[in-house]
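Tertiary structure, described
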Amino acid sequence: MLLKSLEIQGFKTFPDKTTLKFDRGITAVVGPNGSGKSNISDAVRWVLGEQSTRTLRCTRMEDVIFNGTPARKPQGYAEVTLTIDNSDRRLDFDGDTVAITRRYYRSGDSEYLINKVAVRLRDINELFMDTGLGRDGYSIIGQGKIDSIVGARSEDRREIFEEAAGISRFRYRKEESERR
Ligand code: ATP
Ligand code: MG
C-alpha cells in the first residue's frame, strides 16, 4: 500500500495548509529539534483515528489544534487528509484513490470523511482493519514501541500477529455480534 500525500492544516505546528507528497521509495524528514517532525507522524496516527491523547503526545484532544504563537492567532480547527494509492485494492474500497480526512473543532465536534463523504469513525477503523495501517496497526513504530512489543503480555502480543495475519476483522465481527 502506498501513501500518496498528507495534507495538514491547523494541526499542531502547521497553521497553514501544508502538503507532503510521498514518492516511491523512502521519505525522510529532517529538521532541528522541536521543528515539528514528530508532529507529522502524529498527524498520520490522528487521521487514522487515534483517540489516545497520550499517544498523540497531548493532554486534551483540543491540543492538536494549532494553539497560536506571539505572531499568529490560534486556529479554530485541525484538519488532516491522508491520500492512499489503492490501485492494488489492498483496501476493501472500490476506487484507485482513497482519501481519508479527520477534522476537529475547538467545540469538540469532529468529522471523518472518506473521499469527501462523511463517515463514522468505525468505518475508518473497519477500512484499515487487517491492513496493519490502522490505529492499532504495526506500521507506525514509535519510540519505545519495540520495547513494549518485546515486553508485552502474550495475549497482547498475539493481537499484533492477528493483525499481521489478517484475522483481526473476524475477531472484531465476532465480538460485535456477541455484543448485540
Ligand atoms: P525532535 O527532533 O526533538 O524530536 P521534532 O521535530 O520531532 O523534534 P515535534 O515534537 O514534532 O518536534 O514538535 C514539537 C513542537 O510542536 C513544540 O515546539 C510544540 O510547542 C509544538 N506544538 C505541539 N502542539 C502544538 C499546537 N497545538 N500548536 C502549536 N505548536 C504545537
Ligand atoms: Mg521528534
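Predicted model only: the values in this text are computed from it and were never measured. Each chain carries its own residue numbering, running from 1 in the written order of its sequence. Chain letters and ligand numbers both follow the written order, the letters beginning at A and the numbers at 1. Local features in a predicted model are, by the rule used here, given only for residues with pLDDT of at least 70; side-chain atom pairs are given and counted only at 80 or more, and totals for whole chains, interfaces and linings are based on all residues.

Considerations on the overall build of the protein
Rules: Runs of E in the DSSP output that reach at least two residues are strands. Runs of H or I that reach at least four are helices, and both are numbered from the N terminus. Only C-alpha atoms enter the radius of gyration; for comparison, a globular chain is expected to reach 2.2 Å times N to the power 0.38, where N is the number of residues.
Helix and strand counts for the protein come out as 5 helices and 6 strands. If you list the helices and strands of the protein from N to C, you get β-β-α-β-β-β-β-α-α-α-α. Its C-alpha radius of gyration of 17 Å places the protein within 12% of the 16 Å reference for a compact globule of 180 residues. In terms of principal-axis extent, the alpha carbons of the protein reach across some 50 × 40 × 40 Å.

As for unusual backbone geometry
The following threshold applies: Burial is judged by counting the other C-beta atoms within 10 Å of a residue's own C-beta: 20 or more makes it buried, 12 or fewer makes it exposed, and any count in between marks it as partly exposed, with every C-beta position built from the backbone.
Non-glycine residue N115 carries a positive phi angle of around 45 degrees. Taking the number of C-beta atoms within 10 Å as the measure of exposure, N115 has 13 and is therefore partly exposed.

Points about the UniProt feature "binding site: ATP" (unreviewed entry) in the protein
The condition is simple: UniProt positions are given in the numbering used here, feature names are shortened, and annotations may be inferred rather than shown by experiment. By definition, residues are in contact whenever their C-beta atoms, placed on the basis of the backbone, come within 7 Å of each other.
As annotated by UniProt and renumbered to match this structure, "binding site: ATP" (unreviewed entry) occupies P32, N33, G34, S35, G36, K37, S38 and N39. One can find G36 in the loop between β2 (18–21) and α1 (37–47). The residues touching G36, leaving out its near neighbours within four places in the chain, are K12, T13 and F14. Structurally, N39 is set in helix α1. Residues within four places of N39 in sequence aside, it is in contact with K12 and T13.

Observations regarding the environment of I8
Tracing the sequence through the fold places I8 in strand β1 (residues 2–9). Using a count of 28 C-beta atoms within 10 Å as the deciding quantity, one classes I8 as buried. Expressed as a C-alpha distance, the spacing of I8 and T18, which sit 10 residues apart in the sequence, is 5.2 Å. Every residue in contact with I8, bar those within four places of it in the chain, is listed here: F14, T18, A43 and V80.

Points about the site of ligand 1
Threshold: Being near a molecule or strand means, for a residue, that its C-beta atom, positioned from the backbone, comes within 6 Å of it. Here the nonpolar group is Ala, Val, Leu, Ile, Met, Phe, Trp, Tyr, Cys and Pro; Asp, Glu, Lys and Arg are the charged ones; every other residue, Gly included, is treated as polar.
Around ligand 1, a shell composed of 14 residues is seen, among which N33, K37, S38, N39 and N67 lie nearest. Looking at the shell around ligand 1, its residues break down into 2 nonpolar, 9 polar and 3 charged.

Concerning α1
Spelled out, the test is: Read the arc as the range of directions from the helix axis to the C-beta atoms.
Buried within α1 we find I40, D42, A43, W46 and V47. Projected onto a plane normal to the axis of α1, the buried residues spread over an arc of 160 degrees and lie on a single side. G49 occupies a position one or two residues after α1 and carries a positive phi of about 105 degrees.

Some remarks on the nonpolar core
Rules: By convention the nonpolar core is taken to be a set of buried residues drawn from Ala, Val, Leu, Ile, Met, Phe, Trp, Tyr and Cys and joined through C-beta atoms within 7 Å.
Counting 25 residues, the largest nonpolar core has F11, A43, V47, A78 and V80 as the members making the most contacts within it. Those elements that provide at least two residues to this core are β1, α1, β3 (77–85), β4 (97–105) and α2 (121–128). Ignoring sequence-local partners within four residues, the contact set of F11 consists of A43, V64, F66, A78 and V80.

Section: the confidence of the model for the protein
Applied cut-off: What pLDDT reports is the predictor's confidence in each residue, on a scale of 0 through 100.
A residue-level look at the protein finds 100% of positions with pLDDT of 70 or above and a mean pLDDT of 92. Here the predicted complex carries an ipTM of 0.98, next to a pTM of 0.89.

Considerations on the sheet that holds β3
Rules: Any two strands with at least two DSSP-identified bridges between them are counted as paired. Interaxial angles span 0 to 180 degrees and are taken between N-to-C directions of axes, which are lines fitted to C-alpha atoms, for helices over the stretch in contact.
Taken in spatial order, the 6 strands make up an open sheet running β2-β1-β3-β4-β5-β6, and their pairing is antiparallel. Strands at the two margins of the open sheet, each flanked by one partner only, are β2 and β6 (117–119). This sheet shows a mean twist of 20 degrees between the axes of neighbouring strands, independent of strand direction. Set on the sheet, α1 makes contact with β1, β3 and β4; between it and β3 the angle comes to about 80 degrees. Each of β4, β5 (110–114) and β6 touches α2; the most contacted strand, β5, lies at about 40 degrees to it.

A short note on the pairing of β1
Summarising the sheet, β1 and β3 pair through 7 bridges and their orientation is antiparallel. Within β3, the position partnered with L6 by the bridge is L82.

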